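# Structure at a glance
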Amino acid sequence: MALISEPQARGKSLAGSLNRGQTERGSTFGLPTNVLRHWESVGLLRPARDSAGRRRYGENDVVRIAVIQRSKAAGMTLEQIIVLLDDGSAGRHAVLQQHLDELDRRAEEIRLSREMTEHALGCRAHDIATCPRFQASVADVLARVGGADR
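## Re the overall build of the protein chain
- The number of helices and strands found in the protein chain is nine helices and two strands.
- Along the protein chain, helices (α) and strands (β) appear in the sequence α-α-α-α-β-β-α-α-α-α-α when read from the amino end.
- Within the protein chain, the proportion of its 150 residues that are buried is 29%.
- Of the contacts made within the protein chain by residues no fewer than 6 positions apart, 37% connect residues no fewer than 24 positions apart.

So this is what it looks like as structure tokens:
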């Protein structure tokens, strides 16, 4: 992920770049600082503090931020991410399995949508919705909503 490797590639640790200024800290990840504070308030982050009370993000905090971002991008809720990052959570396995099942469901929807879009791209029908093959690509959706028998 470019957010992690770029500062490290320049010989700087990502934690060091997060510890500069409040505005720069959040912008390292493209996040407003209030997001980092919210994640701290719900227990996802626990940055150390310096003598002036400023947050000091260590490498583990930086990894947690990256995990949070990746997990949110994949559709996990903050509650699920809390369980993911809590090494003592009894429900971790169930939450992760549930998320994997959801990812599989979404991957299948994306696959079907891709097939439909590829067909539409090459279809010669003037009105794509009248093409029997195109209609077949949404038959499962029509069956769920009762619109298959017209």
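From this point, the narrative continues.
## What about the pattern of salt bridges?
- Per the stated rule, a full pass over the model turns up eight salt bridges.
- Salt-bridge contacts for Arg-55 lead to Glu-40; the nearest nitrogen and oxygen are separated by 2.6 Å. With Arg-55 in strand E2 (residues 55-56) and Glu-40 in helix H4 (residues 33-41), this pair connects stretches of sequence that are 15 residues apart.
- Residues Glu-115 and Arg-111 are paired through a salt bridge, measuring 2.4 Å at the closest nitrogen-oxygen approach. Highlighted residues: Glu-115 and Arg-111, both in helix H7 (residues 92-122), separated by four residues, approximately one helical turn.
- The class of Arg-111 is partly exposed, set by a relative accessible area of 37%.
- One network of salt bridges, with partners in common, ties together Glu-40, Arg-49 and Arg-55.

## Considerations on the environment of Ile-68
- Considering the arrangement of structural elements, one finds Ile-68 in helix H5 (residues 59-73).
- Not counting chain neighbours up to four residues away, the residues in contact with Ile-68 comprise Trp-39, Leu-44, Leu-45, Ile-81 and Leu-85.

## Some words on the nonpolar core
- Counting residues in hydrophobic clusters, the biggest one holds 15 residues, and the most contacted among them are Leu-36, Trp-39, Leu-44, Leu-45, Ile-65, Ile-68 and Ile-81.
- Elements with a contribution of two residues or more to this core: H4, H5 and helix H6 (78-85).
- For this core, the element with the highest residue contribution is H5, accounting for four residues.
- With residues up to four places along the chain from it excluded, the contact list for Ile-81 reads Leu-44, Ile-68, Ser-71, Lys-72 and Met-76.

## Some words on H6
- When we look at burial in H6, the residues that qualify are Leu-78, Gln-80, Ile-81, Val-83 and Leu-85.
- Its buried side turned inward, H6 meets H4, H5 and H7.

## A word on the packing of H6 against H7
- Between H6 and H7, the least distance of the axes is 9 Å, while the angle of their chain directions is 130°. Taken together, the axes of H6 and H7 lie oblique to each other. Between H6 and H7 lies a crossing whose hand is left-handed. Every residue of H7 that contacts H6 at Gln-80, Val-83, Leu-84 and Leu-85 is listed here: Arg-92, Val-95, Leu-96 and Gln-98.
- Looking at the contact of H6 with H7 residue by residue, the class counts come to five nonpolar, two polar and one charged.

## A look at the state of the cysteines
- Inspection of the entire model under this criterion finds zero disulfides.
- Free cysteine Cys-123: the closest other cysteine sulfur is in Cys-131, separated by 3.6 Å.
- Note on Cys-123: relative accessible area 18%, which makes it buried.

## Comments concerning H4
- Of the positions making up H4, those classed as buried are Thr-33, Leu-36, Trp-39 and Glu-40. An end-on view of H4 places all buried positions within 120° of arc, on one side of the element.
- With its phi angle positive at about 95°, Gly-43 sits one or two positions after the end of H4.

Cut-offs applied
- Starting afresh in each chain, residues are numbered from 1 along the sequence in its written order.
- Local features in this predicted model are restricted to residues of pLDDT 70 or higher, and side-chain atom pairs are both shown and tallied only at a pLDDT of 80 or more, whereas totals for entire chains, interfaces and linings draw on every residue.
- Based on all heavy atoms of the structure, the side-chain values leave hydrogens and waters out of the count.
- Secondary structure is summarised from DSSP: a helix means a run of H or I of at least four residues, a strand means a run of E of at least two, and numbering begins at the N terminus for each.
- Per-residue accessibility, obtained with a 1.4 Å probe over protein chains only, is compared with the maximum for each type, and a residue is labelled buried under 20%, exposed over 50%, and partly exposed between these values.
- Here, residues are in contact when the closest pair of their heavy atoms is within 4.5 Å.
- The rule for a salt bridge is simple: a side-chain nitrogen of Lys or Arg has to be within 4 Å of a carboxyl oxygen of Asp or Glu.
- Buried Ala, Val, Leu, Ile, Met, Phe, Trp, Tyr and Cys residues that are joined via side-chain atoms within 4.5 Å together make up what is termed a nonpolar core.
- The axes are straight lines fitted to the C-alpha atoms, using for helices just the contacting stretch, and the angles between their N-to-C directions are given from 0 to 180°.
- These descriptions rest on fixed angle ranges, namely under 35 degrees for roughly parallel, over 145 for roughly antiparallel, 65 to 115 for roughly perpendicular, and the rest for oblique.
- Left-handed describes a crossing in which the near helix is turned anticlockwise from the far one by less than a right angle; the clockwise case is right-handed.
- Put simply, Ala, Val, Leu, Ile, Met, Phe, Trp, Tyr, Cys and Pro go in the nonpolar bin, Asp, Glu, Lys and Arg in the charged bin, and everything else, Gly too, in the polar bin.
- Disulfides are defined as pairs of cysteine sulfur atoms found within 2.5 Å of each other.
- Here, the arc refers to the directions that run from the helix axis to the C-beta atoms.

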